[in-house]
Amino acid sequence: MAEPGVETRTRSAVITARATASFEPVGRSVAAARAFVRDTLQGWGHPELVDDAVVLTSELVTNAVVHAGTAAEVLCLRSDDSIRIEVADRYPEREVPVQAGGPAFANPDRENGRGLLLCAALAHRWGVDYSPTRKHVWFHLDLPQRPIGTRSAGPVVPDALLPVAESRVRVAVAQIDRKGTITAWNEDAQELFGYHSEQVTGRPLGDLAAWPHTPGTGTGLAEALRLSRWEGSYGIRCANGRVIPVYASHLRVRDAGGEPSTVCLLVREHERAVLQTPQRPAAEPGAESRTADPFEVFIGSPAPDDLDGLLQRTVERARDMLDGDAAFLLLATDDETELEVRASTGLPAARQRFARVPVETGASRYGSARMPAVHEDLAAVPGAVPLLEGTGMRSVVTVPLKVEGRLTGSLGVAAEAANRYSNEEALRLQFAADRIALAVESARLGELERLRRGSLSFLVEASDLLAGTLDRDQTLALMAQMTVPTLATWCAVYTIADQSSDPYLSYVLHEDEDRIDGLKDLLSSIAPPDPVPTPGARVWTAPAHAAHRAALTASVQALDHPTSPLSSGIDTTLATASTVAGETVVLPLVARNRVIGMLTLGRPSEDHFRQEILELAEDLSRRAALALDNARLYSERVAISQSLQRSLLPPGLPTIPGVEVDVIYRAAGEGNEVGGDFYDLFPIRDGAYGFAIGDVCGTGPEAAAVTGLARHALRLLAREGFGGPAVLERLNAAILDEGTRSRFLTLLYGEMRPQEDGSAILKVVCAGHPLPLRLRPDGTVEPAAEPQPLLGVMEDLELYEQTVTLDPGDVLLCVTDGVTERREGSRMLGDDGLAEVLRTCTGLTAGAVASRVLRAVERFAQAPASDDMAILALRLREPDPH
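Just so you know, these numbers come straight off a predicted model, no measurement behind them. (Residues numbered from 1 in each chain as written. Predicted model: local features only at pLDDT ≥ 70, side-chain atom pairs only at ≥ 80, totals over all residues. Heavy atoms only, no water.)

Brief notes about the overall build of the chain
And then number 1: When its secondary structure is counted, the chain shows 20 helices and 35 strands.
And then number 2: Residue burial in the chain is summarised as follows: out of 882 residues, 45% are buried.
And then number 3: Here the contacts in the chain between residues at least 6 apart in sequence split such that 62% fall between residues at least 24 apart.
And then number 4: Carbon and sulfur atoms form 51% of the exposed surface of the chain, whose accessible area is close to 44300 Å². (Helix = DSSP H or I, 4+ residues; strand = E, 2+ residues; numbered from the N terminus. Buried < 20%, exposed > 50% of the residue type's maximum accessible area, 1.4 Å probe, protein only. Contact = heavy atoms within 4.5 Å. Areas by Shrake-Rupley, 256 points an atom, 1.4 Å probe, with all protein chains shown as cover.)

See the structure below:
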């Protein structure tokens with residue numbers, strides 16, 4: 001079914017690109033499908049749709065391969081105006097989880113149908129098509145409108161009215177790096193100003209510019225070069241000392257590596273029409289003033305299309321409007337209890353950006369950001385405006401930004417002189433704030449929506465990665481790599497083994513690998529944060545204080561003893577201090593109602609975290625804590641299983657005169673279950689040795705109990721003087737006494753007595769076990785025993801032993817069924833296949849025989865072994881001819 005009134009497929013749309021892929025019904029296919037969609041859309045040049053498409057595809061493929069248990073087919077189609085993605089599975093009878101009688105969906109907390117809830121929330125169109133053999137769930141994402149064609153135009157005018165320019169117009173192009181120095185200088189710039197490229201490259205543009213200092217100009221050259229766009233006039237001092245007035249257009253850009261720079265286009269002042277943005281046409285005589293958009297009057301046209309650009313333009317216009325020295329704009333948090341600095345000019349932006357101040361700082365109207373306020377002299381009321389402390393500003397006017405009566409932000413203008421502002425300026429600024437408040441709030445909500453969608457995609461990827469491993473160290477590394485540099489500049493993970501243990505620094509990561517060691521040394525030298533279970537991020541100041549003290553000490557030592565070896569590490573110390581000089585926060589890692597560690601995130605010098613980033617980090621910490629605790633539990637289980645497995649095998653093998661012995665044991669699976677195969681070789685009495693190899697049905701604790709019982713009972717009974725049949729009959733009775741915990745047991749038991757002539761006499765009992773094989777020096781292979789009933793089934797067993805004499809050079813090979821039952825499709829190695837392998841081992845040592853058998857078993861099939869394997873090889877040494 002599809003949405004009412006919406007066609008399931010647009011027949012007239014022209015398909016311009018197509019990509020398809022199929023995915024098996026396994027969990028890892030979800031990640032593969034996400035990667036396929038992401039790569040496809042990025043290859044088509046639509047990165048803006050990737051986040052939504054990946055989230056929707058992830059949910060729909062999960063429904064197919066996990067919940068429905070079928071293969072999934074993903075089809076991506078691009079048309080002129082949209083992207084269509086289809087996910088098909090082979091369960092057409094599954095119902096769409098929509099409540100009857102209305103469009104409301106089922107409970108969103110249920111797993112079933114969540115993908116369709118997301119389709120309704122994120123897609124522009126979606127639906128479900130059924131066919132006799134499969135079901136298609138599809139959604140459309142509309143392509144964004146990209147403006148093309150004419151941006152601005154003017155009328156045809158007579159030639160006499162055209163602007164005057166030289167016969168050849170020269171446009172100087174200079175590129176300025178983030179430090180304000182010139183990195184590129186074209187030929188027109190050389191002709192206009194007389195400097196060759198080599199003369200100006202590396203010099204600050206301020207050395208050449210004669211910047212106007214007219215009162216009210218406000219923006220300086222250094223600030224103009226940091227703005228996203230700027231147009232205006234200034235002078236360039238030429239090589240001959242003369243100043244040429246120029247008209248400039250600046251554009252801030254970044255390269256593929258993210259490095260920012262400013263491209264400056266300059267023409268002679270009288271040729272400014274070449275670069276100048278066309279002015280808005282003047283209103284016709286008699287036109288009403290209400291036809292002008294108050295927002296565009298204040299901001300200018302065209303208005304920036306991004307939130308940061310809009311806020312930066314706002315503070316610049318506000319400062320110029322009131323002829324101030326600085327201006328700032330803060331946005332309110334969702335609960336309206338704090339304001340976050342989002343744009344400023346004339347203030348140290350790096351220190352102030354994303355800093356937070358409370359909305360209410362006092363009981364009076366001057367202590368609330370909800371009301372306009374004028375402070376004539378901040379020196380008389382220290383701390384009245386915390387944002388301006390230490391900046392040299394004396395007077396300030398602030399006004400609220402409100403939308404439908406709700407506080408959304410605050411706009412302020414400050415001056416270095418006292419008594420600069422009165423209620424008149426406050427009214428002017430409030431009028432401007434009212435004009436822009438709605439546009440700012442709309443842009444902020446758009447940014448929050450983009451962050452939300454990006455966060456959802458990020459958490460989907462993070463959950464998939466964390467769920468893909470049960471290794472503790474890999475989980476720690478993934479936690480750090482997902483936070484750096486996406487959420488923070490550096491990260492440290494502390495773990496707590498148990499409630500009586502102190503936090504331990506387990507992992508440290510910095511986006512600059514050269515700073516990891518210094519950061520690790522610093523964090524190791526201070527007490528870890530307290531393991532507080534309270535959710536949310538809390539500020540941790542200890543690293544910044546410790547780094548400050550270390551940097552101060554190193555600087556003093558370097559000044560007092562410049563040649564001392566201690567002064568050589570000052571660079572590392574100062575770099576570490578800069579690393580942790582910003583805001584550092586700690587988030588608890590809580591799993592199963594216990595704090596198992598802390599996730600510490602940090603920013604560089606005087607930088608702050610945004611609330612949206614902290615909320616995303618908190619979501620990630622909850623997922624990471626559960627993954628880390630699962631890895632811990634899994635590691636403990638593996639350690640216990642391995643320790644138990646080792647206790648069921650002999651600690652070592654005895655040396656038997658004239659006999660070579662080698663054993664190979666391979667446990668199958670992930671190591672978290674105890675295997676049922678075992679072996680033993682031990683001295684009995686008077687030069688006799690007992691050997692055994694067995695296989696208990698099943699795995700786990702019950703099988704381990706029978707394994708331990710069998711190995712220890714064999715030794716005890718054999719050393720009490722019982723023969724092979726008596727030993728196995730008593731062991732059979734002991735197994736049956738276990739009741740419901742009993743397990744079937746196949747067992748090969750034998751006694752070996754080496755002789756003086758180099759031979760050995762064997763007495764063997766084979767109770768349901770693969771028969772031992774004897775390899776003679778001439779290549780003959782034959783069974784060395786006859787099959788008898790297995791143990792743990794019948795109470796009355798009548799077993800007998802067989803006597804075999806091994807001659808010098810003979811090999812006795814004993815294996816468990818993990819060797820003989822090795823499969824590849826319908827083929828099985830079997831007893832005959834093992835005999836063929838053994839025939840090729842003539843003349844080899846016992847160790848070489850066991851190794852060749854293992855290699856043959858591993859090469860028989862491509863898939864890893866699914867059963868335990870034990871191989872016991874005994875070879876009688878041949879007499880030395882000398």
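Picking up after the structure, the text goes on.
Here we look at the packing of helix α1 (residues 28-43) against helix α10 (residues 423-467)
And then number 1: At their nearest, the axes of α1 and α10 sit 11 Å apart, and the two run at 140° to each other. As summarised for this structure, α1 and α10 are arranged oblique, according to the angle between their axes. In this structure, α1 meets α10 at a crossing whose hand is left-handed. Listed contacts from α10 to Ala-31, Arg-34 and Arg-38 of α1 are Val-460, Glu-461 and Asp-464.
And then number 2: Among the residues making up the contact of α1 with α10, the classes are represented as two nonpolar, no polar and four charged. (Axes fitted to C-alpha atoms, helices over the stretch in contact; angles between N-to-C directions. Parallel < 35°, antiparallel > 145°, perpendicular 65-115°, else oblique. Left-handed = near helix turned anticlockwise from the far one by under 90°. Nonpolar A, V, L, I, M, F, W, Y, C, P; charged D, E, K, R; others polar.)

A closer look at unusual backbone geometry
And then number 1: Between Val-484 and Pro-485 the backbone carries a cis peptide bond, its omega angle lying at 0°.
And then number 2: Not every positive phi belongs to a glycine, and Asp-323 is a case in point at roughly 50°.
And then number 3: Note that Asp-323 resides in the loop between α8 (307-321) and β12 (326-332).
And then number 4: Judged by relative accessible area, which is 39%, Asp-323 ranks as partly exposed.
And then number 5: One non-glycine residue with positive phi stands out, namely Asn-593, at about 60°.

Some remarks on the packing of aromatic side chains
And then number 1: Under the defined criterion, the tally for this structure stands at five aromatic pairs.
And then number 2: Between Trp-230 and Tyr-234, the aromatic rings sit 6.0 Å apart at their centres with planes inclined by 35°, giving tilted as the arrangement.
And then number 3: Given the relative accessible area of 4%, Tyr-234 is considered buried.
And then number 4: Here the basic side chain of Arg-84 rests over the ring of Trp-138, its NZ or CZ set 4.5 Å away from the ring centre. (Phe/Tyr/Trp six-rings, centres within 6.5 Å; stacked < 30°, edge-to-face > 60°. Lys NZ or Arg CZ within 6 Å of the ring centre and 35° of its normal.)

A closer look at the nonpolar core
And then number 1: One finds Met-479, Leu-523, Leu-589 and Leu-601 to be the most contacted residues of the largest nonpolar core, which totals 52 residues.
And then number 2: Ranked by residue count, the leading element in this core is helix α15 (residues 611-647), at nine residues.
And then number 3: If near-sequence neighbours (up to four positions away) are discounted, Met-479 is found in contact with Leu-466, Val-493, Leu-589, Leu-599 and Ala-624.
And then number 4: Core analysis: the next-biggest nonpolar cluster, separate from the first, contains 50 residues, Ile-684, Ala-767, Cys-814 and Leu-874 among them. (Core = buried A, V, L, I, M, F, W, Y, C linked by side-chain atoms within 4.5 Å.)

Quick look at the sheet that holds strand β32 (residues 811-815)
And then number 1: Strand order across the open sheet formed by five strands is β23-β35-β32-β28-β29, with antiparallel pairing between neighbours. Of all the strands in the sheet, the pair left with one neighbour each is β23 (659-666) and β29 (781-783). For this sheet, the mean angle separating the axes of adjacent strands, direction not counted, is 20°.
And then number 2: In this sheet, β29 lies alongside strand β28 (residues 773-775) in antiparallel orientation, the contact comprising three bridges. Residue pairing in the sheet places Leu-775 in a bridge with Val-781 of β29.
And then number 3: In the packing of helix α19 (residues 830-839) onto the sheet, the strands contacted are β28, β29 and β32, and the crossing angle to β28 comes to about 20°. (Pairing = 2+ DSSP bridges.)

Notes on a negative patch on the surface
And then number 1: On the surface, Glu-513, Asp-514, Asp-517 and Asp-521 cluster together to form a negatively charged patch.
And then number 2: Here Asp-517 shows up in helix α12 (residues 516-524). (Patch = residues over 30% accessible without salt bridge, like charges linked within 9 Å, V, L, I, M, F, W, Y side chains within 5 Å. Salt bridge = Lys/Arg side-chain N within 4 Å of Asp/Glu carboxyl O. Lys, Arg positive; Asp, Glu negative; His and termini not counted. Charge placed at Lys NZ, Arg CZ, Asp CG, Glu CD.)

Re the sheet that holds strand β16 (residues 395-403)
And then number 1: On the basis of which strands lie adjacent, the open sheet formed by six strands has the order β14-β13-β12-β17-β16-β15 and antiparallel pairing. Sheet topology places β14 (356-358) and β15 (373-375) at the edges, where each strand pairs with a single neighbour. The average angle at which neighbouring strand axes cross in this sheet is 25°, direction not considered.
And then number 2: For β12 and strand β17 (residues 406-415), the ladder comprises six bridges, and the chain directions are antiparallel. Paired with Leu-329 across the two strands is Leu-411, which belongs to β17.
And then number 3: Packed on one face of the sheet, α8 meets β12, β13 (338-345) and β17 and runs near 70° to β13.

So, the pattern of salt bridges
And then number 1: The full count for this structure, using the stated rule, is 37 salt bridges.
And then number 2: A salt bridge links Arg-632 to Glu-636; the shortest N-O distance between them is 3.0 Å. In this pair, Arg-632 and Glu-636 are both assigned in helix α15, four residues apart and thus about one turn of the helix distant.
And then number 3: Assessed through its relative accessible area of 22%, Arg-632 is described here as partly exposed.

Considering the packing of α8 against α10
And then number 1: Look at α8 against α10: their axes get within 10 Å of each other, and the N-to-C directions meet at 170°. The angle between the axes of α8 and α10 places the two elements in the roughly antiparallel class. Here Leu-307, Asp-308, Leu-310, Leu-311, Thr-314, Ala-318 and Met-321 of α8 lie close against α10, whose contacting residues are Arg-428, Leu-429, Ala-432, Ile-436, Ala-439, Val-440, Ala-443, Arg-444 and Glu-447.
And then number 2: Counted by class, the contact of α8 with α10 contains eleven nonpolar, one polar and four charged residues.

Quick notes on the environment of Thr-805
And then number 1: Position of Thr-805 relative to the elements: it lies in strand β31 (residues 802-806).
And then number 2: The exposure class of Thr-805 is partly exposed, given its relative accessible area of 38%.
And then number 3: Remark: the alpha-carbon pair of Thr-805 and Ile-761, spanning 44 residues in sequence, is separated by 4.6 Å.
And then number 4: Beyond its immediate stretch of four places on either side in the chain, Thr-805 contacts Ser-759, Ala-760, Ile-761 and Arg-774.

Side note on the pairing of strand β3 (residues 82-89)
And then number 1: Of all eight residues making up β3, eight are buried, and the element is well covered by its neighbours.
And then number 2: In this structure, strand β2 (residues 72-78) lies alongside β3, joined through six bridges in antiparallel fashion. The residue bridging Arg-78 from the neighbouring strand is Ile-83, located in β3.
And then number 3: Between β2 and the antiparallel strand that follows it, β3, lie three residues.
And then number 4: Strand direction decides the pairing type here: β3 and strand β5 (residues 135-142), joined by eight bridges, are antiparallel. By the bridge assignment for β5, Ala-88 is matched with His-136.

Considerations on a nonpolar patch on the surface
And then number 1: Together, Val-157, Leu-161 and Leu-162 make up an exposed nonpolar region whose accessible area comes to about 270 Å².
And then number 2: Position of Leu-161 among the secondary structure elements: in the loop between β5 and β6 (172-177).

Details of the confidence of the model for the chain
And then number 1: Taken residue by residue, the chain gives an average pLDDT of 81. The fraction at 70 or more is 86%.
And then number 2: In the model, residues 1-12 has pLDDT below 50 throughout and makes 21 contacts with residues more than four positions away in sequence or in other chains.
And then number 3: Across residues 213-218 the pLDDT falls below 50, and counting only partners more than four positions away or on other chains, this stretch makes seven contacts in the model. (pLDDT = per-residue confidence, 0-100.)

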